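Structural description and commentary
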Amino acid sequence: MTTQPLATPAPERSTVPVLEARGVSKTFGRVLALKDVSLSVRAGEINCLLGDNGAGKSTLIKMLSGVHRPDDGTLVMDGEPVTLASPHDAQARGIATVFQDLAVLPLMSVSRNFFLGNEPTRGRGIFRRFDMEFADRTAREQMAQIGITVRETSQLVGTMSGGERQTLAIARAEHFGARVLILDEPTSALGVKQAAIVLRHILKARARGLAVIFITHNVQHALPVGDRFTILSHGRSAGEFMRGAVSLDQLLALMGGGKELTDLSRELEQLQAAGVSVEAQPAETSMEAGG
Amino acid sequence: MTVGSPASEAQRLRRLSPIRVLLTRPEFGSIVGAILIFLLFWALTGFTVGKGFMSWQGFAGYIEVAAQVGILGATVSLLMIAGEFDLSIGSMVGAAGLVLGLSITTYGLPLWLGLIITFAFALGIGALNGWLVVKTGLPSFIVTLGSLYMLRGAGLALTRLLTDGLTIVSGVGQAAAGNPLAGIFNATLFTIGGSGPNNAGGADFKVELVWWIAVVVISTWVLLRTRFGNWIFAVGGSKDAARSMGVPVARVKILLFMATAFCAALYACIQVLSVGTADVLRGQQKEFEAIITAVIGGTLLTGGYGSALGSAFGAFILGVTQLGIFFVPGFNSDWYAFVLGALLLIAAMVNNYILRRASGSRS
């Protein structure tokens, strides 16, 4: 649905990963969240991190964005081992994370959202003030670049669609110098059209040379845009594949939802055969794991 | 903005006229409300001019009420936009007044020192409120309800102990008499009308009007034109989202609790130095009047949206209502609380409507 000319890999892709997790593990109390998981992403590449709910996706991205520290294993940036002391530290190193629910504040204007935490100021001392003129102008330009025309930058972000909100958050991260974009389920709560807006923007970000980690449990959203697929299942790595080397069914099976879905399909078929009217269609159910 | 139109989201944004934007400002409802309430009371008093409601004395009367609650309302609005309440300001007014009164009478300290102690006391309690809210994660409604009662109880008990059984500290007027510092809080700015060299019987406009304007202007400026203001909106909108964008959530909240306590102390100084006595029970109900002022001014109870300027119109509405009822034939001030409650309900509904217009039909 989003097969764009942009989907071909960007030419300037480097071989050294911008960000890499090598054999990281994490336990919370007695719960093993991650065990010996590796993931890497290069400039101009989209790595889709796939997994069912509870597979350890959020633990891994919280590690990569400086929220948690690995108990074991190392994080590597541009080939050098790093310790991410805090989310702020990660941001300072160019790792920007956009969380699904925390992307933007609906009751704040476009420009206020765009510059939240990075407000431009002018004047000195007690006259130091938020440079609204600059913020409005820049926000308008940046939004225009991603195809959203904003005439009134005082307009609340709540008036924008879900896709546009995620897009704003991604554009903001890029504007403030992100080299690695970590997108946490940016399309999950969205309809088809809205998801397309976001996926298109993810492709544009890759074309501009960003390294993108795209977290999703929706394989249909991952397949058309991903260059690399990292699959997590029950806290362990269930494989890494390059684009073209894996099919939708294979991915689903690896995500751990495959067996359950096959069982579900069989059960529903049996019910139908038994003359029970079934509203859900097994063929469509199997398209989305863990929904 | 049309729901269900086939136009793209971008076009929906583009189609907004400046009038539409004005209509979606949070304080818009309170401006219209202030005009309507004023006209309503003028009509109820028979459109008389020169005496009663529509006179300089009447005007000075409701400006005084408005200024006093308005001094509290502006910072309470900021705190509410940041998603928190401060109920303790009601007893902070009484407590800060006592601190000032006792300092300059019982302890015989100079006025300047008494004022420093009073404001330091208020800032300290405010910081403690904020720290408790941030640290415990409890609703500020509960935390400050606790400090409301603790301050009042401690104020009563300690004052009785220090003044041989009284809860009113008298002699503050004499202690501060002739001190130019006192004028900052109790001077008469100008008098309109009246007769003789001292304009006897004229309408006095006092310096609290200047304080009110100053607090509203500073609050509005901080909210709309500083980084801190942007953080206030963000913290109230979603503290997790704000934190993920690097906003120092705890610092913002604690500073705002300090600001509300500071303004309560300012109100206390004005009261104590104007009346000449300090009373521990002064300021009762002010915590709720300040919240009503903020809500009428367009501030959401749930945080993330609102206006400090709107609280000024809210305070004006309170003043006009409180004194206006007095001038309406057949009514008396007993009806004030009823009208106030009704205004609060109407304001909350109007805010809800405006908010839905402003944020589209989605959220």
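Per chain, residue numbering runs from 1 following the sequence as it is written. Lettering for chains starts from A, numbering for ligands starts from 1, and both go in the order in which the items are written. Restriction of local features to residues with pLDDT of at least 70 applies here, the model being predicted, together with a cutoff of 80 or more for giving and counting side-chain atom pairs; totals for whole chains, interfaces and linings are based on all residues.

Observations concerning the overall build of chain A
Heads up, the condition is: In this text, helices come from DSSP runs of H or I with a minimum length of four residues, and strands from runs of E with a minimum of two, each type numbered from the N-terminal end. Any residue with 12 or fewer other C-beta atoms within 10 Å of its own C-beta is exposed, any with 20 or more is buried, and the rest are partly exposed; the C-beta atoms used are placed from the backbone. Contacts here follow a simple rule: the backbone-placed C-beta atoms of the two residues must lie within 7 Å.
Regarding its fold elements, chain A presents 10 helices and 12 strands. Put simply, chain A has 291 residues, and 46% of those count as buried. Within chain A, contacts between residues at least 6 apart in sequence are counted, and of these 69% link residues at least 24 apart.

Examining the overall build of chain B
Along the backbone of chain B there are 16 helices and four strands. Once the C-alpha set of chain B is aligned to its principal axes, its extents read approximately 75 × 55 × 35 Å. Burial analysis of chain B (363 residues in total) assigns 49% to the buried set. When contacts within chain B are restricted to residue pairs at least 6 apart in sequence, those whose partners lie at least 24 apart make up 75%.

Here we look at the nonpolar core
Test applied: What makes a nonpolar core is a set of buried Ala, Val, Leu, Ile, Met, Phe, Trp, Tyr and Cys residues, with links drawn between C-beta atoms within 7 Å.
Formed by 181 residues in total, the largest nonpolar core has its most connected members in A:Leu181, A:Val212, A:Phe214, B:Met92, B:Ala234 and B:Ala264. Among the elements that line this core, the one with the most residues is helix α13 (residues 249-275) of chain B, at 18 residues. Ignoring anything within four residues of it in the chain, the contact list for A:Val212 reads A:Val41, A:Ile46, A:Leu181, A:Leu183, A:Ile202, A:Ala205 and A:Arg206.

Overview of the pairing of strand β4 (residues 72-77) of chain A
Consecutive residues of a regular strand have side chains that alternate between opposite faces of the sheet. Residues and elements named next belong to chain A. This is how it is decided: For two strands to count as paired, DSSP must find a minimum of two bridges between them.
Strand direction decides the pairing type here: strand β1 (residues 19-28) and β4, joined by five bridges, are antiparallel. Paired with serine 25 across the strands is aspartate 72, a residue of β4. Strand direction decides the pairing type here: β4 and strand β5 (residues 80-82), joined by three bridges, are antiparallel. Across the sheet, the residue bridging to leucine 75 is valine 82, located in β5. Where β4 folds back onto β5 in an antiparallel hairpin, the turn is made up of two residues, including aspartate 78, whose phi is positive at roughly 50 degrees.

Concerning the packing of helix α6 (residues 111-136) of chain B against helix α7 (residues 140-162) of chain B
Residues and elements named next belong to chain B. In plain terms, the rule: Here an angle of 0 to 180 degrees is reported between the N-to-C directions of two axes, which are lines fitted to C-alpha atoms, with helices fitted over the stretch in contact. In a left-handed crossing the near helix is turned counterclockwise from the far helix by less than a right angle, and in a right-handed crossing that turn is clockwise. Polar here means any residue outside two lists: the nonpolar Ala, Val, Leu, Ile, Met, Phe, Trp, Tyr, Cys and Pro, and the charged Asp, Glu, Lys and Arg; Gly therefore counts as polar.
In contact at an axis separation of 9 Å, α6 and α7 are set at 145 degrees when each is read in the N-to-C sense. Judged by the twist between their axes, the crossing of α6 over α7 is right-handed. Contacts from Ile125, Asn129, Leu132 and Val133 of α6 reach α7 at Ser140, Val143, Thr144 and Ser147. Residues belonging to the contact of α6 with α7 are distributed by class as follows: four nonpolar, four polar and no charged.

So, the confidence of the model for chain A
All names here are of chain A. Applied cut-off: The pLDDT score gives, residue by residue, the confidence of the prediction method on a 0 to 100 scale.
Taken over all residues, the pLDDT of chain A has a mean of 83, while the share at 70 or more is 87%. Of the regions scoring below 50 in pLDDT, residues 1-12 engages in 25 contacts with residues more than four places distant in sequence or in other chains. Of the regions scoring below 50 in pLDDT, residues 280-291 engages in 24 contacts with residues more than four places distant in sequence or in other chains.

Description of the interface of chain B and chain A
Listed per partner, the contact involves 29 residues of chain B and 30 residues of chain A. Counting only elements with at least two residues in the side of chain B that touches chain A, the list comes to α1 (9-14), α11 (227-237) and α12 (239-244) of chain B.

Quick look at helix α10 (residues 208-225) of chain B
Residues and elements named next belong to chain B. Under the convention used in this document: Expected span, for any helix, means 1.5 Å times one less than how many residues it has. Each direction from the helix axis to a C-beta atom contributes to the arc, which is the arc of those directions.
Counted at 1.5 Å a residue, the expected span for α10 with its 18 residues is 26 Å, and the 25 Å between its end C-alpha atoms agrees. All of the buried residues along α10 are Glu208, Trp211, Trp212, Val215, Val216, Ser219, Thr220, Val222 and Leu223. Down the axis, α10 shows its buried residues gathered within 165 degrees of arc, on one side only. Check the buried side of α10 and you find it contacts α4 (56-81), β3 (203-206), α11, α13 and α15 (308-327).

Some points on helix α4 (residues 132-145) of chain A
Here α4(A) spans 20 Å end to end across 14 residues, near enough to the 20 Å set by a 1.5 Å rise per residue. Residues of α4(A) that are buried: A:Met132, A:Ala135, A:Asp136, A:Ala139 and A:Met143. Along the axis of α4(A), the buried positions cluster into a sector of 95 degrees, meaning they face one direction only. Away from its buried face, by an angle of more than 90 degrees, α4(A) presents the exposed residues A:Glu133, A:Glu141, A:Ala144 and A:Gln145. Packing partners of the buried residues in α4(A) comprise α3 (110-114) and β8 (129-130) of chain A together with α10 of chain B.

Quick look at unusual backbone geometry
Excluding glycine, most residues fall at negative phi; most peptide bonds, likewise, are trans. All names here are of chain A. Here the phi dihedral of aspartate 36 falls at roughly 50 degrees; this positive angle occurs in a residue that is not glycine. Structurally, the position occupied by aspartate 36 is in strand β2 (residues 31-41). Classification of aspartate 36 as partly exposed rests on a count of 13 C-beta atoms within 10 Å. The backbone phi angle of glutamate 185 is positive, close to 45 degrees, even though this residue is not glycine. With respect to the helices and strands, glutamate 185 occurs in the loop between β9 (180-184) and α6 (192-207).

Quick word on the environment of B:Arg227
Mapped onto the elements of the fold, B:Arg227 is located in helix α11. For the pair B:Arg227 and B:Val247, spaced 20 residues apart in sequence, the C-alpha separation works out to 9.9 Å.

Digging into the packing of helix α5 (residues 89-104) of chain B against α6(B)
Residue and element names in this part refer to chain B. We count it as follows: In this scheme, roughly parallel covers angles under 35 degrees and roughly antiparallel covers those over 145, while 65 to 115 is roughly perpendicular and the rest are oblique.
Direction vectors running N to C along α5 and α6 enclose 150 degrees, while the axes themselves pass 9 Å from each other. Between α5 and α6, the angle is such that the two are roughly antiparallel. Judged by the twist between their axes, the crossing of α5 over α6 is right-handed. In contact with Met92, Ala96, Val99, Leu100, Ser103 and Ile104 of α5, α6 contributes Leu111, Leu113, Gly114, Leu115, Ile117, Thr118, Phe121, Ala122 and Ile125. A per-class count over the contact of α5 with α6 returns 12 nonpolar, three polar and no charged.

Concerning the confidence of the model for chain B
Residues and elements named next belong to chain B. Confidence in the prediction for chain B averages 88 pLDDT; 92% of positions are at 70 or higher. Least confident of the elements in chain B is α1, whose mean pLDDT is 46; most confident is α6, at 97. Low pLDDT, under 50, characterises residues 1-14; the predicted model gives this stretch 18 contacts beyond four residues in sequence or across chains.

A short note on the environment of A:Gly73
All names here are of chain A. Turning to its location among the elements, glycine 73 is positioned in strand β4. Using a count of 18 C-beta atoms within 10 Å as the deciding quantity, one classes glycine 73 as partly exposed. Between the C-alpha atoms of glycine 73 and valine 37, which are 36 residues apart in sequence, the distance is 8.6 Å. The residues touching glycine 73, leaving out its near neighbours within four places in the chain, are Ala21, Arg22, Gly23, Val24 and Ser25.

So, the environment of A:Ser154
All names here are of chain A. Along the chain, serine 154 falls in the loop between α4 and α5 (162-175). Classification of serine 154 by C-beta neighbours within 10 Å gives partly exposed; the count is 17. Along the primary structure serine 154 and valine 41 are separated by 113 residues, whereas in three dimensions their C-alpha atoms are 37 Å apart.

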